[in-house]
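So you can see what is in the structure, the chains are spelled out below.
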Amino acid sequence: MTKHKQSDDPFDAFLSHVVRTAPLPEPPQDMAHSIAQLTRDFDEDSRVETLMAKTAIVAVILAVIGFSIYALTSVEAKTIALFEGTPWAFIATSGALFCCVKLWEIGHALVERRGKTNSNGVAIL
Amino acid sequence: MDKRERQTIPDRQIVRDALAGGADGFARLVEQHQHLVWHLVYRMVQHPEDCRELCQDVFLRVHRNLHQFRFQSTLATWIGRIAYHVSVRHLQRKRLPLADAQESAAPIVEDVADDFDLAAVCANDDLLAKLHLALERLAPIPRTMLTLYYLHELSVSEIASIMEKPEGTVKNALFRARAQLREQFAQHLEIVHDKT
């Protein structure tokens, strides 16, 4: 069935008239603005969630660094001598950075999952 | 309501504006595509309140996934596909049939009722009302296909892309839906001829 054939067939023309005149309510007048408002609220919520997630990540990093420093300073001089030459600060910082990267990946994966689409670009429902 | 009138803003511009996060960017996108989404969803579910909620859901999904739109199809087709999926999911959740179960057994009366006065039948309110009813009684998918084809003037390939079906399946479904309505039309003409 093509548009060309449609114009040749009087029943097609009549059916087109039937479909066009069939009772079909129009979308509500305020639909565009109410949906735009909803999306603004959604964006605002997302921003707050992102901010909270980033705050949590920073807090965890600070906690790891703080704990490392505390552990380092509370070690007796004898023990320090035992571990002398071990790069504690380097290990603590690396651990904190590793935690940071992992948390960031988890957060990013969660955000991606919320708006995931299939190969055709259709949202996975 | 003309298709060309509604598509005044190019897809790339409207997507760019919507993604820029401006207050009116997304509202313009909704305004441009709300008729297609509303008509598609309404024809699928035939319930105004459900339709309103589902349309909201459709546009929220569009908003959430717009950054992933790659312009591989038109924006209308992409949005239509989301609307179709949301409607199908809604009908499946309510355990409502999507297509006519006896579709294959539908009588084909494509070759009858071709000789008629188009102007006269278009002016026949009784016949129009009967066919409007017959249109509403079609299964959701053929009903929606007819609306997209005749009201929104989408091509078979665009409808196939929205419904993610082969073009042949869409052509076949359109043919059968037309045949069902033509049968109603032929029956009405027979009644009129019998009376005269």
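Note that this is a predicted model, so its numbers are computed, not measured.

Quick notes on the rules
- Residues numbered from 1 in each chain as written.
- Chains lettered and ligands numbered in written order.
- Predicted model: local features only at pLDDT ≥ 70, side-chain atom pairs only at ≥ 80, totals over all residues.
- Helix = DSSP H or I, 4+ residues; strand = E, 2+ residues; numbered from the N terminus.
- Buried ≥ 20, exposed ≤ 12 C-beta atoms within 10 Å, placed from the backbone.
- Contact = placed C-beta atoms within 7 Å.
- Nonpolar A, V, L, I, M, F, W, Y, C, P; charged D, E, K, R; others polar.
- pLDDT = per-residue confidence, 0-100.
- Axes fitted to C-alpha atoms, helices over the stretch in contact; angles between N-to-C directions.
- Parallel < 35°, antiparallel > 145°, perpendicular 65-115°, else oblique.
- Left-handed = near helix turned anticlockwise from the far one by under 90°.
- Core = buried A, V, L, I, M, F, W, Y, C linked by C-beta atoms within 7 Å.
- Domains from an automatic or database assignment.

## A few points about the overall build of chain B
Part 1 of the argument: A tally of regular secondary structure across chain B gives 10 helices and 0 strands.
Part 2 of the argument: A burial count over chain B gives 37% of its 196 residues as buried.
Part 3 of the argument: Looking at chain B alone, contacts between residues at least 24 apart form 72% of all its contacts between residues at least 6 apart.

## Looking at the interface of chain A and chain B
Part 1 of the argument: Of the residues lining the interface, 33 residues belong to chain A; the matching set on chain B comes to 50 residues.
Part 2 of the argument: Of all the secondary structure elements, the ones that give two or more residues to the side of chain A that touches chain B are α2 (10–21) and α3 (31–74) of chain A.
Part 3 of the argument: When residues of the side of chain A that touches chain B are assigned to their parent elements, the largest contribution, 11 residues, is made by α2 of chain A.
Part 4 of the argument: For the side of chain A that touches chain B, the class distribution of residues is 23 nonpolar, 8 polar and 2 charged.

## Digging into the confidence of the model for chain B
Residues and elements named next belong to chain B.
Part 1 of the argument: Looking at chain B as a whole, the pLDDT averages 83, with 83% of positions reaching at least 70.
Part 2 of the argument: Across residues 1–5, confidence stays below pLDDT 50; counting only partners more than four residues off in sequence or on other chains, it has 2 contacts.
Part 3 of the argument: Taken together, the chains of this predicted complex give a pTM of 0.72 and an interface ipTM of 0.80.

## Examining unusual backbone geometry
Residue and element names in this part refer to chain B.
Part 1 of the argument: Residues other than glycine seldom take positive phi values, yet R95 does so here, at roughly 55°.
Part 2 of the argument: With respect to the helices, strands and loops of the structure, R95 is situated in the loop between α5 (75–93) and α6 (118–122).
Part 3 of the argument: Not every positive phi belongs to a glycine, and E153 is a case in point at roughly 55°.
Part 4 of the argument: By the secondary structure assignment, E153 is in the loop between α8 (140–151) and α9 (156–163).

## Focus on the packing of helix α3 (residues 25–45) of chain B against α8 of chain B
Residue and element names in this part refer to chain B.
Part 1 of the argument: Two numbers describe how α3 lies on α8: the axes approach to 8 Å, and their chain directions differ by 150°. Relative to α8, α3 is oriented roughly antiparallel. For the element pair α3 and α8, the recorded crossing hand is right-handed. Across from H39, L40, R43 and M44 in α3, the residues of α8 making contact are P140, R143, T144, T147, L148 and L151.
Part 2 of the argument: Residues that form the contact of α3 with α8 fall into these classes: 5 nonpolar, 3 polar and 2 charged.

## A closer look at the nonpolar core
Across soluble globular proteins, nonpolar side chains have a tendency to be buried as a group.
Residue and element names in this part refer to chain B.
Part 1 of the argument: Residues V41 and V58 are the most contacted members of the largest nonpolar core, which totals 61 residues.
Part 2 of the argument: Looking at this core, the element that brings in the most residues is α3, giving 12 residues.
Part 3 of the argument: Among the domains, domain 1 (3–93) and domain 2 (103–195) are the pair contributing at least three residues each to this core.

## Some points on the domain arrangement of chain B
Quite often, the size of an interface is put as the accessible area lost when its parts meet.
Part 1 of the argument: According to the domain assignment, chain B contains domain 1 (3–93) and domain 2 (103–195).
Part 2 of the argument: Here the residues of the side of domain 1 of chain B that touches domain 2 of chain B sort into 5 nonpolar, 5 polar and 3 charged.

## A few points about the packing of α3 of chain B against α5 of chain B
All names here are of chain B.
Part 1 of the argument: Running from amino to carboxyl end, α3 crosses α5 at an angle of 25°, the nearest separation of the two axes being 9 Å. Between α3 and α5, the angle falls in the class roughly parallel. In this structure, the crossing between α3 and α5 has a hand that is right-handed. Contacts between α3 and α5 involve H33, L36, V37, L40, V41, M44 and V45 from the former and A76, I79, G80, A83, Y84, S87, H90 and L91 from the latter.
Part 2 of the argument: Per-class residue counts for the contact of α3 with α5 are 11 nonpolar, 4 polar and no charged.

## Details of α9 of chain B
Part 1 of the argument: Among all positions of α9 of chain B, only E158, I159, S161, I162 and M163 of chain B are buried.
Part 2 of the argument: E164 of chain B, located one to two residues past α9 of chain B, shows a positive phi value of around 50°.

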